[in-house]
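Residue strings, one per chain:
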Amino acid sequence: MELNHLTEDQIQEYLDGGAKRIEQGAAEHLAACPVCRAAVAEYRALYQGLTDDTGFDLPPDFAASVIRQVVPAAQSRSRFLLIYPIAAALLAAAFGLYFFVDLAGFYGRIIGSFSLFAGFEDAVVRSLAALLDGLNLKGNLVVASGAILLVFAVLERLFFNLRRGKVMFFA
Amino acid sequence: MDRDEGMDDDRALIEKILVGDSGAFAEFIAQYQRLVSHIVFRMIDNTTDREDICQDVFIGLFRGLKDFRFESKVSTWVGRVAYYRCINHLEKMKTPLFGDLGDEDWNLDDVAGSAPRPDDVAESRDVSARVREEIGKLPEQFRVILTLYHLDQMSYHEIAEIMKLPEGTVKSHLFRARKLLKRRLAARYRPEELWN
């Protein structure tokens, strides 16, 4: 039997990769030497202790709390995307009003009705109602709706891209 | 599952996340939170900082998903992000890292543990608990290498990619860490408390 005991490095090599990782002479020595086998057993117990290690638990709601931090922006973008159907609905309503409803005095009557409940603003509201009655809303309504839609779209893209530059949200 | 199949699964998962599937991101977190917590808990002693740092890691990963090119395994990338997030934290806290000890002149005995304390011996109940306690006293890089190798079953190559170290250095650190750990344990506990 070879007299030289295995070094600690050889023992670790052996445990990491088996007998093929150490020289044949060392492997033969290990097979016959109780001192080296005891040293291997000690390292094996250490390896077991390292493998069995615990105490790395994160709270059960960890994933949810991370997602809450990154998803609100995506939800806010979804809210922005709602602008498109809402604006389309407004546009459609405007078309409907334009073709099927006589708008003469329409806005004036609506605004004027508020004056029943707001004595203080009465004069202001009536002035505004008179001003609106005086405008040719029929001609401007479609153009105004389109312009509002365009402004919303531009603002949404601009706002979203700015935020995306800061944090990469759901795209 | 072979490596390519695993990469395909990861790719599919990441693509789902990128189109806004928050369930896929939850799955991603579930898949990698063990690895992240291993690294963070090993490197950061302050228990109140640990969870925040784990969260930061996943937020950073989320931000970086669109730029990930699958040039390495996802687990390697995740590990690297976690490792460097901890390094940044430790540097902010001015915690000395292993590199400051000097690799060549480093001597096991210089860093070797304290003398046995009977009170402490009574507190520890099993080898794992004793090992855990002693690992906490090792330099951070040793702790991470031990953890990635033994708990996450990573190869020298993967650990080297995460820590940006040569594979030979990883192996050398791993062997030194185990030797140091074994000596410290042997200095503190009776053999029958450890190796039976």
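Above this text sits the structure in question.
From a predicted model like this one, the values you see are computed outputs, not experimental measurements.

**Student:** Is there a simple way to explain the overall build of chain A in this structure?
**Tutor:** Along the backbone of chain A there are eight helices and zero strands. For chain A, the α and β elements follow one another from N to C terminus as α-α-α-α-α-α-α-α. Summarising the internal contacts of chain A: among those between residues at least 6 apart in sequence, 70% fall at separations of at least 24. As displayed, chain A has an accessible area near 10800 Å², and 66% of this comes from carbon and sulfur atoms.

**Student:** I would appreciate a short explanation of the overall build of chain B in the present structure.
**Tutor:** Check the secondary structure of chain B and you find eleven helices and zero strands. When the helices and strands of chain B are listed from N to C terminus, the series reads α-α-α-α-α-α-α-α-α-α-α. Expressed as a percentage of its 196 residues, the buried residues of chain B come to 52%. Counting only contacts in chain B whose residues sit at least 6 apart along the sequence, the fraction spanning at least 24 positions is 71%. On chain B, roughly 9400 Å² of surface is accessible, and the fraction owed to carbon and sulfur atoms is 47%.

**Student:** I tried to follow the pattern of salt bridges on my own but got confused; where do I start?
**Tutor:** Oppositely charged side chains can pair when the atoms bearing their charge come close. Applying the stated rule across the entire model yields 14 salt bridges over all chains. Between B:Arg183 and A:Glu8 there is a salt bridge whose closest N-O contact spans 3.7 Å. Residue B:Arg183 is found in helix 10 (residues 167-188), and its partner A:Glu8 is found in helix 1 (residues 8-17); the two belong to separate chains. On the accessibility criterion, B:Arg183 (38% relative accessible area) is partly exposed. Judged by relative accessible area, which is 26%, A:Glu8 ranks as partly exposed. Residue B:Arg34 pairs with B:Asp152 through a salt bridge whose shortest N-O separation is 3.9 Å.

**Student:** Quick question: what am I supposed to make of the packing of helix 2 (residues 22-43) of chain B against helix 8 (residues 140-150) of chain B here?
**Tutor:** Residues and elements named next belong to chain B. Contact geometry of helix 2 with helix 8 gives a least axis separation of 9 Å together with a crossing angle of 150°. Classed by the angle they form, the pair helix 2 and helix 8 counts as roughly antiparallel. Seen from above, helix 2 lies across helix 8 with right-handed handedness. Where helix 2 abuts helix 8, its residues Leu35, His38, Ile39, Arg42 and Met43 lie against Glu140, Arg143, Val144, Thr147 and Leu148. Along the lines of polarity and charge, the residues of the contact of helix 2 with helix 8 split into five nonpolar, two polar and three charged.

**Student:** Just checking my understanding: could you explain the environment of A:Leu30 for this structure?
**Tutor:** Residues and elements named next belong to chain A. Following the sequence through the fold, Leu30 ends up in helix 2 (residues 24-32). Sequence spacing of Leu30 and Ile11 is 19 residues, and the spatial spacing of their C-alpha atoms is 9.1 Å. Excluding anything up to four places from it in sequence, Leu30 contacts Leu6, Tyr14, Cys36, Arg37 and Val40.

**Student:** Which parts of the structure should I look at to understand the packing of aromatic side chains?
**Tutor:** By convention here, two paired aromatic rings are described through the distance between centres and the angle between planes. All names here are of chain B. Per the counting criterion, the structure on display carries ten aromatic pairs over all chains. Here the aromatic rings of Phe28 and Tyr32 are separated by 5.1 Å at their centres, their planes lie at 55°, and the arrangement is tilted. In this pair, Phe28 and Tyr32 both sit in helix 2, four residues apart, roughly one turn of the helix. Tyr32 sits in the buried class, given a relative accessible area of 7%. Ring geometry for Tyr149 against Tyr156: centres 5.8 Å apart, planes inclined by 20°, an arrangement best described as stacked.

**Student:** For this particular structure, what's the right way to read the interface of chain A and chain B?
**Tutor:** One widely used convention gives an interface's size as the accessible area the parts lose upon coming together. Taken residue by residue, the interface counts 35 residues in chain A and 43 residues in chain B. Of the roughly 3700 Å² buried between chain A and chain B on both sides combined, carbon and sulfur atoms contribute 66%. Across the chain A-chain B interface, the total number found is five salt bridges. Summed over the shared surface of chain A and chain B, the result is 13 residue pairs in polar contact (both at pLDDT 80 or more).

**Student:** What is the right way to look at helix 9 (residues 156-163) of chain B in this model?
**Tutor:** In an α-helix there are 3.6 residues to a turn, and that puts residues three or four apart on one side. Helix 9 of chain B sits mainly inside the fold: six of its eight residues count as buried. Looking at the buried positions of helix 9 of chain B, the neighbouring elements they touch are helix 1 of chain A together with helix 4 (74-92), helix 8 and helix 10 of chain B. With its phi angle positive at about 55°, B:Lys164 sits one or two positions after the end of helix 9 of chain B.

Conventions adopted
- Residues numbered from 1 in each chain as written.
- Chains lettered and ligands numbered in written order.
- Predicted model: local features only at pLDDT ≥ 70, side-chain atom pairs only at ≥ 80, totals over all residues.
- Heavy atoms only, no water.
- Helix = DSSP H or I, 4+ residues; strand = E, 2+ residues; numbered from the N terminus.
- Contact = heavy atoms within 4.5 Å.
- Areas by Shrake-Rupley, 256 points an atom, 1.4 Å probe, with all protein chains shown as cover.
- Buried < 20%, exposed > 50% of the residue type's maximum accessible area, 1.4 Å probe, protein only.
- Salt bridge = Lys/Arg side-chain N within 4 Å of Asp/Glu carboxyl O.
- Axes fitted to C-alpha atoms, helices over the stretch in contact; angles between N-to-C directions.
- Parallel < 35°, antiparallel > 145°, perpendicular 65-115°, else oblique.
- Left-handed = near helix turned anticlockwise from the far one by under 90°.
- Nonpolar A, V, L, I, M, F, W, Y, C, P; charged D, E, K, R; others polar.
- Phe/Tyr/Trp six-rings, centres within 6.5 Å; stacked < 30°, edge-to-face > 60°.
- Buried area = accessible area lost by both parts, 1.4 Å probe.
- Polar contact = N/O pair within 3.5 Å; in protein donor to acceptor, adjacent residues only side chain to side chain.

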